[in-house]
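# Structure at a glance
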Amino acid sequence: MALPLRTADETVFVDRFTDGVLDPAQPMLGPVRDGGHIVANTAPGCWGPMITPHLKGGHEVTVPVAVEGAEVGDAVAIRIKDITVTSIATASGNDRPMEGRFVDDPYCAARCPQCGTMYPPTRLEGIGPESVRCAHCGADATPFTFTNGYTIVFDATRRVGVTVHREAAEAIARDAARYAALPARSTQNPILRFAPHDLVGVVARLRPFLGQLGTVPAVRMPDSHNAGDFGAFLIGKRHEFTLTPEQLALRTDGHMDCDAVRAGAIVIAPVKVPGAGVYLGDMHALQGDGEIAGHTCDVSGTVTLQVEVIKGLNIDGPILLPVPEDLPYLARPFT
């Protein structure tokens, strides 16, 4: 049966975030009308949430939006109209999980190594990789650190970036929230506070995309694990998000981490809960094809989507229609 919905809005503006968990039992925003728009201010994914133990999913995605008329067994076509990077700088690099600071999975089951508090609230003290402290006991509580990392600053047009030296990285770290352009309701610790600076003077082009774009799964799960590969790490674990293989099949694969999910592309996502629940986040300034240091370049940004219900298209996972220039020449469609 269709979800009983209020009068649908032409445009739903989103500036609220989950705690890293996708939960079909939680209320949604909206609804947005079939054919309407979702406009969101997203928070950085990956590294910021990775050093924020109270976030339980590895990312900080938007609160889902219900879509008028979307029923289980339908699909929703999500047209990406615009993606704009708002961060001035970010930091990234190769990660190392910190043993003793999580139960089975550092992305979704962080634990303070000193007082044992699960998902501990934290406070920031100074800058650097030991600046994330448990609010209860004061212990260094980040579940991840860098083996090698960098701080990158973008030009005004957000077309290129360059990695900076220690003095610049540390100056940025002291004003990290502003350089990250963190949305007001984001609760993550900005990764810029770590001030990594192992690579200096490396130039990179930007081509932003969404690492997370999809619909709510029919089972409660961490947002970063809403994918067939990463989701497999939830099977048979000791933390609260453990799943069986049958439960994992209820995912919607919204965490594609595919750089073709960019402005102009269309994602056709399955509807597995009434109202669909369109959510997004984990914006990357660049990934793949020559990215720096083998890890995503996480940024804040603004996104405009248009949604359309496709009745009776009962698909198990998403279908991605990339922009034509991302296709091999011989695979590009004829008009």
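In the block above lies the structure referred to throughout.
Quick caveat, the model's predicted, so the values are computed rather than measured.

We now examine unusual backbone geometry. Here the residue pair Gly30 and Pro31 is connected by a cis peptide bond, since its omega of 10 degrees sits within 30 degrees of zero. Here Pro31 lies in strand E3 (residues 29-42). In this model, Ala276 sits at a positive phi of 75 degrees, which is unusual for a non-glycine residue. Turning to its location among the elements, Ala276 is positioned in the loop between strand E14 (266-270) and strand E15 (278-284). Take Ala276: its relative accessible area is 0%, and that puts it in the buried class. One non-glycine residue, Asp282, lies in positive phi territory at about 55 degrees. Its place among the elements puts Asp282 in strand E15.

So, about the pattern of salt bridges. Taken as a whole, this structure holds 16 salt bridges when the rule is applied. Across the salt bridge formed by Arg101 and Asp140, the nearest N and O atoms sit 3.4 Å from each other. Highlighted residues: Arg101 in the loop between strand E6 (89-97) and strand E7 (122-124) and Asp140 in the loop between strand E8 (132-134) and strand E9 (144-154), separated in sequence by 39 residues. Salt bridges here are not isolated pairs; linked through shared partners, they connect Arg207, Arg262, Glu325 and Asp326.

This paragraph deals with the side chain of His239. Within the secondary structure, His239 is located in the loop between helix H4 (228-231) and helix H5 (245-248). Overall, His239 belongs to the buried group, its relative accessible area being 5%. In terms of polar contacts, His239 uses its side chain to reach the backbone amide nitrogen of Phe241, at 3.1 Å. Each residue touching His239, except ones within four places of it in the same chain, is listed here: Val103, Asp104, Asp105, Cys108, Ala109 and Leu234.

Backbone hydrogen bonds hold the strands of a sheet together, and the pairing may be parallel or antiparallel. Within the open sheet, the four strands sit side by side as E6-E9-E10-E11. Their pairing is antiparallel. If you trace the sheet from one side to the other, it starts and ends with E6 and strand E11 (203-205), each paired once. Taking each pair of neighbouring strands and ignoring which way they run, the sheet shows an average axis angle of 30 degrees. The pairing of E6 with E9 spans nine bridges and is classified as antiparallel. For Ala89, the partnering residue across the bridge sits in E9 and is Val153.

On to the nonpolar core, then. Residues Leu213 and Leu305 are the most contacted members of the largest nonpolar core, which totals 40 residues. At five residues, the largest contribution of residues to this core is made by strand E5 (residues 75-85). Those residues in contact with Leu213 that lie beyond four places of it in its chain are Ile78, Ile80, Gly254, Met256, Val261, Val267, Tyr279, Leu280 and Leu305. Judged by nonpolar contacts, the second largest core, of 16 residues, contains Cys46, Ile172, Leu182 and Ile191.

With the rule as written, the count across this model stands at zero disulfides. Left unpaired, Cys112 is separated from the closest cysteine sulfur, that of Cys137, by 3.5 Å. Overall, the relative accessible area of 27% leaves Cys137 in the partly exposed class.

As a further point, take the environment of Pro322. Tracing the backbone shows Pro322 in the segment after strand E17 (319-321). With a relative accessible area of 25%, Pro322 lands in the partly exposed category. Once the C-alpha coordinates of Pro322 and Asp175 are considered, the two residues, 147 residues apart in sequence, prove to be 37 Å apart. If near-sequence neighbours (up to four positions away) are discounted, Pro322 is found in contact with Ala260, Ala265 and Leu327.

It is worth spelling out the side chain of Asp74 at this point. On the secondary structure map, Asp74 appears in the loop between strand E4 (65-67) and E5. Residue Asp74 is classed as buried on the basis of its relative accessible area of 6%. Polar contacts involving the side chain of Asp74 include one to the side chain of Lys311, which spans 2.7 Å. Each residue touching Asp74, except ones within four places of it in the same chain, is listed here: Gly69, Pro270, Val271, Val309, Ile310, Lys311, Gly312 and Leu313.

What counts, and where the lines are drawn
- Here, residues in each chain are numbered from 1, in the same order as that chain's written sequence.
- For a predicted model such as this one, the threshold for reporting local features is a pLDDT of at least 70, and the threshold for listing and counting side-chain atom pairs is 80 or more; totals across whole chains, interfaces and linings nevertheless cover every residue.
- To obtain the side-chain values, all non-hydrogen atoms of the structure were used and water was disregarded.
- Where helices and strands are cited, they refer to DSSP runs of H or I of at least four residues and of E of at least two residues respectively, numbered from the N terminus.
- Classification of residues uses two cut-offs on accessible area relative to the type maximum, computed with a 1.4 Å probe and protein chains only: under 20% is buried, over 50% is exposed, and between them is partly exposed.
- When a carboxyl oxygen of Asp or Glu lies within 4 Å of a side-chain nitrogen of Lys or Arg, that pair is called a salt bridge.
- Counted as a polar contact is a pair of N or O atoms within 3.5 Å, where, for protein atoms, one must be capable of donating a hydrogen and the other of accepting one, and residues adjacent in sequence contribute only when both atoms are in side chains.
- The contact criterion used throughout is that any non-hydrogen atoms of two residues lie within 4.5 Å.
- When DSSP finds two or more bridges between a pair of strands, those strands are recorded as paired.
- To obtain each axis, a line is fitted to C-alpha atoms, and for helices this fit is confined to the stretch in contact; angles are then taken between N-to-C directions over 0 to 180 degrees.
- We call a set of buried Ala, Val, Leu, Ile, Met, Phe, Trp, Tyr and Cys residues a nonpolar core when their side-chain atoms join them within 4.5 Å.
- For this text, the term disulfide refers to a pair of cysteine sulfurs within 2.5 Å.

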